[in-house]
Amino acid sequence: MSAAFTSPKRFAWARRASAAPGNKAQKMHVHYRDDLRLFPNRLRRAALAAMVLAWAAIPVLWDVAPFTLLSGNGISLNTLAYAGVFSIAAIGLNLLTGYTGQVSLGHSVFLAVGAYSTAYAGSVWGWPMWLWILFAPALGWLVGAAVGPFALRLRGNYLVIVTLGLVFIGEHIFRNWKSVTGGNAGTSAAGVEVKLGFIDFENLSLFGKSFGKDESYFWLIWLLVALVAWLTKNVVRTRPGRALQAVRDQDVAAEIIGIDVGITGYKTQAFAWSSAIAALAGALYAPLQLFITPGDFTLLVSIQFIAMIILGGMGTIYGSIIGALVITALPRLIDGISADYGLPGVAAKSTDSGLVSVASLNVIIYGFLIALFLLVEHRGLAGIWVRIRNYFSTWPFSY
Amino acid sequence: MTTFVQATFDGVATGSLYALIVLGFVVIYRATGIINFAQGGALLLGGYITYNVSTSWGGNYFLGILFSVAVCAGFNVLLQRAMLQRVFREVVGISAGLLGWAALYYNGTTHLVGLIGGVVIGVLAYFITARIEARVGDRGPSELPLFGAIMVTIGVLFIVKQVTASIWGFAELSVDDPWELSRTVVGDVVLQHSKLAAIAMAAAALGVFFVVDRYSRIGIAMRATHFDHEAAVAQGISTKIVFATAFAIAGGVAALAGSAATAGPELITPNLDFVVFLAFPAMILGGLDSPAGAVAGGLLVGWIQNLVKTYVATTPAWFPIEDLDWLGAGFERVAIFIVMIIVLMVRPYGLLGTEEVRRV
């Protein structure tokens, strides 16, 4: 590369534009701190704030016009709460797979660790919420840190298979450690208290109005989604995050430039934190699901998480959330639509005749979406969005 | 002693099944570097086609096996062409053919008409796309990154499994094979004829494969491609043919495995593909790129699985812990994964696999 491209003089105009406050145009990253910034400009920050506010208002507006279209077709606030739980888990998986490049099929095990520990600590030991909501991620972190060094000794295909083994071993333990997990029959999480001090999430009252479980859980879960997203974003845009991405791009090179990939190194830490985040999702999953069985944490669930981050976008935080929303909402939408209107060749109930059942169709659609996005747009929905944004922000030029 | 011999015999039978399944994975991995999860789909398809020919179409069981081997080989080649080595006109042709077949089938035509119609539509679409491409310019093949390719095959596995389930249903079906429940008792050891047949089938298939791999032109081409991809291409080896052959062989052995797994007292359900996941420890144990390792790993894992199963059920007298029931039902399936993890800690590339040299 010639000096002309890198000399400071040449990009002086861009730097001036970058420094000028209130300039709405997409700015060129000419300085290191531009890369580190959480929001590249004020417009983005305002847009995010507006989106968060609108999202928080959903439970209040659920019975109003545009949302009735969703609630009429099988999507409830409860669905969105599940989507929130899966968003948290997907962010965790994206930290490990999207940012660190270590593919794990074992994510559902850590979700299960969180869910079972919460059900047990909450119901049997009667722990208060602030304790179990910290206990689950801590346990998840410990399990992840214990398993991680063994799994991460391997790479690529071998890692995929070992994490697959983790799912089978985990499922076997959940089916047979009957005193804690209840075995095949599962265990109830109905006794778990979802109450922080005076805030009771079973029966919330705000500004003199009282809200039910669906609304309160929606706020609780999405608040935690925002928290986890923010924390993870901060991790990935600073030094540890850059170390993880260096490991992803070329692990030998990363090791040579001084990034620790040993037993206590960045890879293991990413595995542990990703497990902790999944366990946090599990902790919320237990009271939401009320009754958890080993069938909730199978290989299919792990693959759903993979589908979420592929669909949403590998190596992006908001991609994980979008992916989780789509993958969670899609089956319910198909359920609702086929029950109301009927889809050609699809049997809505098990007694109907048809080429495929709704459950089969959902699995087919997962498979199809994974294949389609990898073949057509491997950066996922986030990649499509970035392309659209760049098109407009650099308009009329194509780059 | 009888228990041990019995467990060993059953282990060899299970192990030869695993060896067949793993051989399919290894052949594909060696040629393309992809773990093809869709092998589970080919296995399922193979099992059901054998079932269909042997019962519904009133045909011969062995004819059914041959037919299923051919269909699964074709299925795998289509998968490879459409999903993994994407030449645009082939993708369009294959998709149009499959869609046409599904549409004809759904509209109540017979299997044969649907199949012929699908093939005609696919071929037409292929040539039309080729003509258009000749005008506007060829897009050429585009390859997926490795992780993407693996995930795509998982997606295909899901699709095939559900489609199979929707055609044949979730109920357990019994294949009309010549062995049924017949068996020979030697001493106190029960030799089930279906298991003997599975061992023989696996031995024959593996024997043919090793001869082909060692001495035939295409076998040498496959090994050369694995050894050094670019040098092989420079020597005039067509990687297109090598890849397609590898996938076809893998499809064939998967169909054989599917048929062997459902013979005798065993029943067939859409959950048969689970046996593929159980074969993973065997694959890892032997090493991902070694066909000999596939056989060794398969037999070893099958043996360990049956030993664990036998001795957990009836704990021998010398064992310090008297009762092993707390390990739970189906512990033998988990045991092989534990063995796999222990082996991997010591030898990260399996027992016979090639250590990968990594460069920056």
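Residues numbered from 1 in each chain as written. Chains lettered and ligands numbered in written order. Predicted model: local features only at pLDDT ≥ 70, side-chain atom pairs only at ≥ 80, totals over all residues.

Undergrad: Even after reading the chapter, I still don't get the overall build of chain A, so can you show me in this structure?
TA: Across its full length, chain A carries 19 helices and eight strands. The burial tally for chain A puts 44% of its 399 residues in the buried class. A separation threshold of at least 6 residues defines the contact pool for chain A, and within that pool the share at least 24 residues apart is 71%. (Helix = DSSP H or I, 4+ residues; strand = E, 2+ residues; numbered from the N terminus. Buried ≥ 20, exposed ≤ 12 C-beta atoms within 10 Å, placed from the backbone. Contact = placed C-beta atoms within 7 Å.)

Undergrad: Please clarify how the confidence of the model for chain B should be interpreted in this entry.
TA: Any residue range with low pLDDT should be treated as having predicted coordinates unsuitable for detailed reading. Residues with a pLDDT of 70 or more make up 97% of chain B, whose mean pLDDT is 85. Note on the complex model: pTM 0.85, ipTM 0.82. (pLDDT = per-residue confidence, 0-100.)

Undergrad: Sorry, what's going on with the pairing of strand β4 (residues 189-192) of chain B here?
TA: Strand residues, when the strand is regular, have side chains that alternate between the two faces of the sheet. All names here are of chain B. Bridge count for strand β3 (residues 183-186) against β4 is four bridges, and the pairing is antiparallel. By the bridge assignment, Val186 is partnered in β4 with Val189. Between the antiparallel neighbours β3 and β4 lie two residues, among them Gly187 with a positive phi of about 65°. (Pairing = 2+ DSSP bridges.)

Undergrad: Which parts of the structure should I look at to understand the nonpolar core?
TA: Within soluble globular proteins, side chains that are nonpolar generally end up buried alongside one another. Counting 214 residues, the largest nonpolar core has Val85, Ala89 and Ile277 of chain A together with Leu20, Ile21 and Val22 of chain B as its most contacted members. Excluding its chain neighbours within four sequence positions, the residues that come into contact with Ile277 of chain A are Ile88, Ala89, Ile91, Gly92, Leu95 and Val228 of chain A. (Core = buried A, V, L, I, M, F, W, Y, C linked by C-beta atoms within 7 Å.)

Undergrad: Explain the packing of helix α8 (residues 217-227) of chain B against helix α10 (residues 239-261) of chain B to me, please; I cannot follow it from the model alone.
TA: Between two packed helices, both the angle of their axes relative to each other and the distance between the axes serve to describe the pair. Residues and elements named next belong to chain B. Across the interface, α8 lies against α10 with an axial gap of 10 Å and an inter-helix angle of 105°. Considered as vectors, α8 and α10 are oriented roughly perpendicular to each other. Contacts between α8 and α10 involve Ile218, Ala221, Met222 and Thr225 on the former and, on the latter, Thr239, Val242, Thr245 and Ala246. When the residues that make up the contact of α8 with α10 are grouped by side-chain class, the tally is five nonpolar, three polar and no charged. (Axes fitted to C-alpha atoms, helices over the stretch in contact; angles between N-to-C directions. Parallel < 35°, antiparallel > 145°, perpendicular 65-115°, else oblique. Nonpolar A, V, L, I, M, F, W, Y, C, P; charged D, E, K, R; others polar.)

Undergrad: Sorry if this is basic, but what is going on with the interface of chain B and chain A here?
TA: Many descriptions give the size of an interface as the accessible area lost when the pieces come together. Listed as interface residues are 35 residues of chain B and, on the opposing side, 37 residues of chain A. Counting residues per element, the ones that place at least two in the side of chain B that touches chain A are α6 (146-168), α11 (274-286) and α13 (331-346) of chain B. Top element by residues in the side of chain B that touches chain A is α6 of chain B. It accounts for 13 residues. Here the side of chain B that touches chain A is composed, by residue class, of 26 nonpolar, six polar and three charged.

Undergrad: What is the right way to look at the environment of Cys72 of chain B in this model?
TA: Residues and elements named next belong to chain B. Here Cys72 lies in helix α3 (residues 61-84). Look at Cys72 and you get buried, because 30 C-beta atoms sit within 10 Å. Along the backbone, Cys72 and Gly41 are 31 residues apart, and their C-alpha atoms lie at a distance of 9.1 Å. Once residues within four sequence positions are removed from consideration, Cys72 is found in contact with Ala42, Leu45, Gly46, Gly251, Gly252, Ala254 and Ala255.

Undergrad: Looking at this structure, how should I read helix α7 (residues 77-99) of chain A?
TA: Side chains that are three or four residues apart share a direction in an α-helix, a result of its 3.6 residues per turn. All names here are of chain A. Taking 1.5 Å per residue as the helical rise, α7 with its 23 residues ought to reach 33 Å, and the 31 Å between its terminal C-alpha atoms agrees with that figure. The largest bend in α7 comes to about 30°, at Leu93. Immediately beyond the C-terminal end of α7, within one or two residues, lies Gly101, with a positive phi of roughly 75°. (Expected span 1.5 Å × (residues − 1). Bend = angle between axes of the 7 residues up to and from the residue.)

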